[in-house]
Amino acid sequence: STLGESVCGGFYMGTICAAGSCYYLIMAPNATGCASCQYRTSNAGSGVGCEFTDGYGNTYDHLANATHPAGNWTATRSIGGFSDWYLPARNELLCLCSNQACAPAGEGFCLNNSYWSSTEDASETILAFGVSFTTASVCTGKSYTCQLRAIRRVPF
């Protein structure tokens, strides 16, 4: 596949290896896969830990519930005939950031906004990792509102 190509309900934006397997990362279209909300309804820790490459595991093991609006929003999407969308882990989101120039016209990111990842800061439980597409990785309080972009993965 070519970066930015329309495939599997979204756009191919890179690869990642997690949990012993390698995957193509598929980014949801802006029109159906972007929102803005809190990571968690409070700044309390949620037990996700610091898994940097497995957003699928982070989302479906810990974040697909009402106390985690960002993870719950992505986990409840049905886009392009697929319902396995999730909140990307920090490294998955950084991959999208690195390849953002390949996104089709109108499918890029709001450069002045930060996007949530599904990765918490293990050393500071009130923080989770987000990514600013102009300055790369950032940490912020979980009750703050940031942008979201649902992704899914396809094994190869």
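Residues numbered from 1 in each chain as written. Predicted model: local features only at pLDDT ≥ 70, side-chain atom pairs only at ≥ 80, totals over all residues. Heavy atoms only, no water.

J.: Can you lay out the nonpolar core for me, pointing to particular residues and giving the numbers?
T.: One finds Y39, A70, W85, L87, W116 and L148 to be the most contacted residues of the largest nonpolar core, which totals 18 residues. Contributions of two or more residues to this core are made by β4 (34-38), α3 (69-75) and β8 (145-149). If you look at the next biggest cluster of nonpolar residues, it comprises 16 residues, including I16, M27, C97 and Y115. (Core = buried A, V, L, I, M, F, W, Y, C linked by side-chain atoms within 4.5 Å. Buried < 20%, exposed > 50% of the residue type's maximum accessible area, 1.4 Å probe, protein only. Helix = DSSP H or I, 4+ residues; strand = E, 2+ residues; numbered from the N terminus.)

J.: Help me get a handle on the sheet that holds strand β2 (residues 10-18), residues and values and all.
T.: With antiparallel pairing, the four strands of this open sheet are ordered in space as β1-β2-β3-β9. The two strands at the open ends of the sheet, each matched to only one other strand, are β1 (6-7) and β9 (151-155). Of the pairings in the sheet, the one linking strand β3 (residues 21-27) to β9 comprises five bridges and is antiparallel in character. Paired with M27 across the strands is I151, a residue of β9. Its contacts with the sheet place helix α4 (residues 90-98) against β2, β3 and β9, and it is angled at close to 135° to β2. (Pairing = 2+ DSSP bridges. Contact = heavy atoms within 4.5 Å. Axes fitted to C-alpha atoms, helices over the stretch in contact; angles between N-to-C directions.)

J.: Can you tell me about α4, naming the residues and giving the values?
T.: Owing to its 3.6 residues per turn, the α-helix aligns residues three or four sequence positions apart on the same side. Looking at α4, one finds that the buried residues are E92, L93, C95, L96 and C97. Against the buried residues of α4 lie β2, β3, α2 (55-63), β5 (114-120), β6 (127-132) and β9.

J.: Could you give an account of the state of the cysteines, naming the residues involved and the relevant values?
T.: The final tally for this structure, using the stated rule, is one disulfide. C17 shares a disulfide with C22; S-S distance 2.0 Å. Taking the torsion about the sulfur-sulfur bond, which here is approximately 95°, the covalent link between C17 and C22 counts as right-handed. Overall, C17 belongs to the partly exposed group, its relative accessible area being 48%. (Disulfide = S-S within 2.5 Å.)

J.: I'd like a description of the side chain of T53, backed by residues and values.
T.: Along the chain, T53 turns up in the loop between β4 and α2. Take T53: its relative accessible area is 19%, and that puts it in the buried class. Here E51 takes part through its side chain, which lies 2.9 Å from a polar atom of the side chain of T53. T53 has contacts with I16, C17, A18, A89, N91 and E92, leaving out every residue within four places of it along the chain. (Polar contact = N/O pair within 3.5 Å; in protein donor to acceptor, adjacent residues only side chain to side chain.)

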